Amino acid sequence: MTGGGLFRCYRQAVLCTAVLSFILTLFPYHHATAQEPPDTTINHHHVTAFDQGWYDLDWNASGADGSSVSVSVSDSMAKAEAERLSAGKAAFSDSYTLSLRANLLRWATLTPDLGLEWRISPSVGIMVNGSWTSWTWNDNARRYALWEVAPEVRWYLGEKKAWYVGAMFKAGQFNYKFSGTGRQGDLLGGGITGGYQLRLNKALALDFTLGLGYLNADTERYDVIDGVRVRSGNETKHWIGPINAGVTLVWKLF
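Quick notes on the rules
Residues numbered from 1 in each chain as written. Predicted model: local features only at pLDDT ≥ 70, side-chain atom pairs only at ≥ 80, totals over all residues. Heavy atoms only, no water. Pairing = 2+ DSSP bridges. Helix = DSSP H or I, 4+ residues; strand = E, 2+ residues; numbered from the N terminus. Axes fitted to C-alpha atoms, helices over the stretch in contact; angles between N-to-C directions. Patch = residues over 30% accessible without salt bridge, like charges linked within 9 Å, V, L, I, M, F, W, Y side chains within 5 Å. Areas by Shrake-Rupley, 256 points an atom, 1.4 Å probe, with all protein chains shown as cover. Salt bridge = Lys/Arg side-chain N within 4 Å of Asp/Glu carboxyl O. Buried < 20%, exposed > 50% of the residue type's maximum accessible area, 1.4 Å probe, protein only. Polar contact = N/O pair within 3.5 Å; in protein donor to acceptor, adjacent residues only side chain to side chain. Contact = heavy atoms within 4.5 Å. Phe/Tyr/Trp six-rings, centres within 6.5 Å; stacked < 30°, edge-to-face > 60°.

Asker: Would you mind showing me how to read the sheet that holds strand β9 (residues 181-199) here?
Answerer: Strand-to-strand pairing in sheets goes through backbone hydrogen bonds, with the strands running parallel or antiparallel. Reading around the circumference, β4-β5-β6-β7-β8-β9-β10-β11 is the order of the eight strands in this closed barrel, with antiparallel pairing throughout. Direction aside, the axes of adjacent strands within the sheet are offset by 20 degrees on average.

Below is the structure:
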């Protein structure tokens, strides 16, 4: 290619560039993004953050034409996750704790009752309850005596760990005489339990429980003659049905 040809090519390239620049000035290009429109002034930007990532975002803006844009975002999935984690924290706070228990129904019948529960995990508790009483009146003509020991294992259910089911064992002795003939003997049995714990505050709760199962009682009947117990017979009784009930005050020691 000669020098004149090169000069003509160069002149044509310059001319095309000038024409293209003139066309672009007639049709200006505006760049906009989905996050922030062109010529937009943000008037108010408010973020409320909650624990574990739940947030509400309110964004008010005005465009070049004076129009107003308001955006509100609520992350419901993050909220649900926060609630789940919060319940998990509450459940974890109940793990590895030791609680003192007192069955108020037993105390109402003048039968002192105390127990301990150890939560070895958020879902599992091991407990033992004991009752003891010994009363005589009417010049020893009437008597009511009892002792019981009842170990139990519980499984706490749900996120709040308030409902539970369990398995219990019961053993003890009794002696009561409300009329001319008295009865004394041994009892042995067990069954399943279920109930609900109502939390009153961080340290106190009410435990509503009912137990169903089997009890065996070897009973000896006796009469009292001149202050001496005289055996009058014996029998063995079997019972299937309610074996335990309680409205228990629970105090978390640590």
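Asker: Where do I start with a nonpolar patch on the surface in this structure?
Answerer: Among the surface-exposed residues, Leu116, Val128, Trp132, Trp147, Val149, Trp251, Leu253 and Phe254 lie close enough to one another that they form a single nonpolar patch of about 810 Å² accessible area. Mapped onto the fold, Leu253 is located in the segment after β11 (228-252).

Asker: Just checking my understanding: could you explain the side chain of Glu117 for this structure?
Answerer: For Glu117, the position within the fold is in strand β5 (residues 113-119). A residue is classified by how much of its surface remains accessible, and Glu117, at 3% relative accessible area, is buried. At a separation of 2.5 Å, a polar atom in the side chain of Glu117 contacts the side chain of Tyr156. Apart from the residues lying within four places of it in its own chain, the contact partners of Glu117 are Thr97, Leu98, Ser99, Arg101, Gly125, Ile126, Met127, Arg154, Tyr156 and Gln197.

Asker: Got a minute to help me understand the pattern of salt bridges in this structure?
Answerer: Pairs can form between side chains of opposite charge once their charged atoms are near each other. Scanning the model with the defined rule gives nine salt bridges in all. A salt bridge links Arg101 to Asp207; the shortest N-O distance between them is 3.1 Å. With Arg101 in strand β4 (residues 97-103) and Asp207 in strand β10 (residues 204-225), this residue pair connects regions lying 106 residues apart in the sequence. Salt-bridge contacts for Glu220 lead to Arg231; the nearest nitrogen and oxygen are separated by 3.6 Å. In this pair, Glu220 sits in strand β10 while Arg231 sits in strand β11, placing the two residues 11 residues apart along the sequence. A cluster of three or more residues bridged by salt bridges with shared partners is formed by Arg101, Glu117, Glu152, Arg154 and Asp207.

Asker: Help me out: how do you make sense of the packing of aromatic side chains in this one?
Answerer: How two aromatic rings sit relative to each other is given by the distance of their centres and the angle of their planes. Applying the stated criterion across every chain yields a total of six aromatic pairs. Seen in terms of ring centroids, Tyr156 and Tyr164 are 5.5 Å apart; in terms of plane orientation they differ by 55 degrees. Their pairing is tilted. Overall, Tyr156 belongs to the buried group, its relative accessible area being 2%. The class of Tyr164 is buried, set by a relative accessible area of 2%. Members of the aromatic cluster, joined through ring pairs, are Trp137, Tyr144, Phe174, Tyr176 and Phe178.

Asker: Could you clarify how one ought to interpret the pairing of β4 in this entry?
Answerer: Put simply, side chains in a regular strand alternate between the two faces of the sheet. The buried fraction of β4 is high, at five of seven residues. Looking at chain direction, β4 and β5 are connected through five bridges and run antiparallel. The residue bridging Leu100 from the neighbouring strand is Leu116, located in β5.

Any functional reading would require information beyond the geometric quantities listed.
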